[in-house]
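# A structural walkthrough
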Amino acid sequence: MDPVEIIGRHYAPASKSHRILLEHGRLVAAKALAAAARVPHLGPDLAFVESAALLHDIGIFLTDSPALDCHGREPYIRHGILGKDILDAIGMPRHGLVCERHVGVGISAEEIRRFDLPLPVRDMRPVTVEEQIICYADKFFSKNGDDTPREKSVAEIVSGLHVYGADKVERFMEWVGLFG
């Protein structure tokens with residue numbers, strides 16, 4: 001299925017949220033494909049990387065994120081599992097796992113319990129090489145509603161991850177060593 005057509009089912013084509021989602025997805029897809037090209041020995045599925053990168057944030061419209069022109073009722077941290085539900089329902093469970101597992105650098109069941117996050121208690125860390133590549137690439141681009149997207153530096157990403165723990169920084173830096 002065409003990712004842009006799937007997005008069009010949930011986002012009005014002329015809306016700010018549609019523009020933000022597509023622009024972000026395209027930036028992440030390009031970064032992810034470049035990262036995948038650095039690890040051909042790991043055999044990443046390039047077509048899947050591209051389509052899953054475009055769809056990884058499809059659930060944001062269900063969140064309460066006015067800066068992104070999203071006026072749902074859910075907290076933003078749930079956009080991954082909401083996206084998984086959307087993609088599972090149309091027979092794309094592998095893409096759905098990317099949605100669920102890309103938030104932050106992944107969230108463990110223990111973290112969900114410890115911080116009482118509004119998520120199902122299960123491991124939501126990237127497992128496959130494709131999931132890791134997309135999660136890595138996503139960290140370089142924010143969705144902030146600005147018309148001037150820019151790629152963050154590794155130092156900026158590390159600074160942002162540091163507040164969530166050294167293990168998050170360590171996981172990201174492993175990806176930098178592998179995919180960067």
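Below you will find a few notes about this structure.

Conventions adopted
Residues numbered from 1 in each chain as written. Predicted model: local features only at pLDDT ≥ 70, side-chain atom pairs only at ≥ 80, totals over all residues. Heavy atoms only, no water. Helix = DSSP H or I, 4+ residues; strand = E, 2+ residues; numbered from the N terminus. Buried < 20%, exposed > 50% of the residue type's maximum accessible area, 1.4 Å probe, protein only. 1 Å grid on protein atoms, 1.4 Å probe; cavity = no way out; pocket = protein on both sides within 12 Å on 5 of 7 lines; lining within 4 Å. Points joined across faces, edges and corners; volume = space filled by probe spheres on them. Nonpolar A, V, L, I, M, F, W, Y, C, P; charged D, E, K, R; others polar. Core = buried A, V, L, I, M, F, W, Y, C linked by side-chain atoms within 4.5 Å. Salt bridge = Lys/Arg side-chain N within 4 Å of Asp/Glu carboxyl O. Phe/Tyr/Trp six-rings, centres within 6.5 Å; stacked < 30°, edge-to-face > 60°. Lys NZ or Arg CZ within 6 Å of the ring centre and 35° of its normal.

Once that is clear, we can look at unusual backbone geometry. The phi dihedral of D69 falls on the positive side, at around 65°, and the residue is not glycine. Inspection of the secondary structure assignment puts D69 in the loop between strand 1 (64–65) and strand 2 (70–71). Here D69 falls in the partly exposed class, since its relative accessible area comes to 26%.

Now for the layout of surface pockets. Gaps left between atoms are located by rolling a probe of water-molecule size over the structure's atoms. When its volume is computed, the largest pocket comes out at roughly 760 Å³. Broken down by element, the lining of the largest pocket gets its largest block of residues, four residues, from helix 8 (residues 154–162). A class-by-class count of the residues in the lining of the largest pocket yields eleven nonpolar, six polar and eight charged.

A word on the nonpolar core. Counting 28 residues, the largest nonpolar core has I133, I134, Y136, F172, W175 and F179 as its most contacted members. Among the secondary structure elements, those contributing two or more residues to this core are helix 2 (16–37), helix 3 (46–55), helix 7 (129–138), helix 8 and helix 9 (166–179). At six residues, the largest contribution of residues to this core is made by helix 7. Within the second largest apolar cluster, 15 residues are counted, among which are I58, I60, C70 and L87.

Let us now look at the pattern of salt bridges. In total, this model carries 14 salt bridges according to the counting rule given. We note a salt bridge from R125 to D123, for which the minimum N-O separation is 2.6 Å. When salt bridges that share partners are traced, they join D45, R94 and E130 into one network.

It is worth spelling out the packing of aromatic side chains at this point. Centre distance and the angle of the planes are the two values used to describe a pair of aromatic rings. Within this structure, the stated rule accounts for five aromatic pairs. When the ring of Y11 is compared with that of F61, the centres are 5.2 Å apart and the planes differ by 75°; the resulting orientation is edge-to-face. In this pair, Y11 sits in the loop between helix 1 (3–10) and helix 2 while F61 sits in the loop between helix 3 and strand 1, placing the two residues 50 residues apart along the sequence. Considering the side-chain rings of Y136 and F140, the 5.1 Å spacing of their centres and the 75° angle between planes classify their relative orientation as edge-to-face. Assigned by exposure class, Y136 and F140 land together as buried. Joined through ring pairs, the aromatic side chains of Y136, F140, F172 and F179 make up one cluster. Stacked on the ring of F140, the Lys or Arg K31 has its end atom at 4.1 Å from the ring centre. Taking the ring centre of F48 as reference, the NZ or CZ of R94 above it sits at 3.7 Å.

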